[in-house]
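Summary of the model geometry
Chain by chain, the residues:
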Amino acid sequence: MWRASVLTIFPDMFPGPLGASLAGKALAAGAWSLDVADIRAFATDKHRSVDDTPAGGGPGMVMKADILGRAIDATATDQRPRLLLSPRGTPLTQARVETLAAGAGIVLVCGRFEGIDERVIAGRGLEEVSVGDYVLSGGEIAAMVLIDACVRLLPGVMGAPSSRTEESFTEGLLEYPQYTRPQLWEGQPIPEVLLSGDHGKSAAWRRSEAER
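All of the points below concern the structure found in this document. (Residues numbered from 1 in each chain as written. Predicted model: local features only at pLDDT ≥ 70, side-chain atom pairs only at ≥ 80, totals over all residues. Heavy atoms only, no water.)

Every buried residue of helix 2 (residues 65-75) is accounted for by Ile-67, Leu-68, Gly-69, Ala-71, Ile-72 and Thr-75. Where helix 2 is buried, its residues meet strand 1 (2-8), strand 2 (32-38), strand 5 (82-91), strand 6 (105-110) and helix 4 (118-123). (Buried < 20%, exposed > 50% of the residue type's maximum accessible area, 1.4 Å probe, protein only. Helix = DSSP H or I, 4+ residues; strand = E, 2+ residues; numbered from the N terminus. Contact = heavy atoms within 4.5 Å.)

Take a look at the structure:
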């Protein structure tokens with residue numbers, strides 16, 4: 001079974017959208033599993049503090065190395081990739097998603113505040129991954145994006161195998177335009193080639209549109 005482990009200070013955010021639609025059905029069916037670790041559970045003070053002021057000064061707070069290190073050690077007990085959701089990370093691509101989906105699963109660390117102590121990244125072998133060149137409040141939503149992208153590729157999650165092979169990015173292209181009934185809507189018809197019954201012409205049109 002493909003396993004996703006998430007480390008966060010907001011465990012109640014999960015499963016969130018991952019409990020609905022394709023991912024939710026697959027989770028209920030046992031096609032994948034989700035476990036969520038509360039980083040605050042590894043704090044030792046009465047306030048369950050997980051952050052402190054930046055060394056050298058500056059705004060905001062930084063997640064502490066000792067607490068996050070303990071949380072990772074207790075959660076990442078196997079050889080699954082350890083990923084840190086970070087805007088400075090390597091951009092996530094469909095090719096990377098396919099590789100992750102083909103493995104045993106992933107361990108995701110959700111940062112908060114100004115980030116996490118740099119020593120944890122090196123000390124625990126975290127790979128930084130970015131879902132885009134913008135800043136979120138934390139890594140939780142990015143983690144959901146990554147998990148959803150992987151789960152939909154697991155065997156049996158999507159209905160038709162062709163849904164996976166003909167979608168965007170699989171051949172370095174975006175998907176061609178899609179249409180369905182009614183044949184005429186607000187004066188706009190479905191392209192005639194798609195109604196011709198000639199599968200060869202339809203395929204050629206779709207390829208041309210994808211390349212366009």
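This part is about the pattern of salt bridges. The full count for this structure, using the stated rule, is 12 salt bridges. One salt bridge connects Arg-3 with Asp-78, and the closest N-O pair in it is separated by 2.9 Å. On the criterion of sequence distance, the pair formed by Arg-3 in strand 1 and Asp-78 in the loop between helix 2 and strand 5 is long-range, its members being 75 residues apart. The class for Arg-3 is partly exposed, based on a relative accessible area of 30%. With a shortest N-O distance of 3.2 Å, Arg-48 and Asp-38 are connected by a salt bridge. Remark: Asp-38 occurs in strand 2 and Arg-48 occurs in the loop between strand 2 and strand 3 (51-52); sequence separation between them is 10 residues. (Salt bridge = Lys/Arg side-chain N within 4 Å of Asp/Glu carboxyl O.)

Looking now at the pairing of strand 2. By the bridge criterion, 7 bridges tie strand 1 to strand 2 in an arrangement that is parallel. Among the inter-strand pairings, Trp-2 is bridged to a residue of strand 2, identified as Trp-32. This β-α-β element, strand 1 to helix 1 (residues 21-28) to strand 2, shows right-handed connectivity. (Pairing = 2+ DSSP bridges. Right-handed = clockwise from strand over helix to strand, strands pointing away.)

Grouped together as the largest cluster of nonpolar side chains are 29 residues, with contacts concentrated most on Trp-2, Trp-32, Ile-106, Leu-108, Leu-146, Ile-147 and Val-151. Secondary structure elements with two or more residues in this core: strand 1, helix 1, strand 5, helix 3 (94-101), strand 6 and helix 5 (140-151). Residue contributions to this core peak at 8 residues, all from helix 5. Other than its neighbours up to four places away in sequence, Ile-147 contacts Trp-2, Ala-4, Val-6, Leu-18, Trp-32, Leu-34, Ile-106 and Leu-108. The next biggest cluster of nonpolar side chains, apart from the first, holds 19 residues, and it includes Leu-7, Val-50, Met-63 and Ala-76. (Core = buried A, V, L, I, M, F, W, Y, C linked by side-chain atoms within 4.5 Å.)

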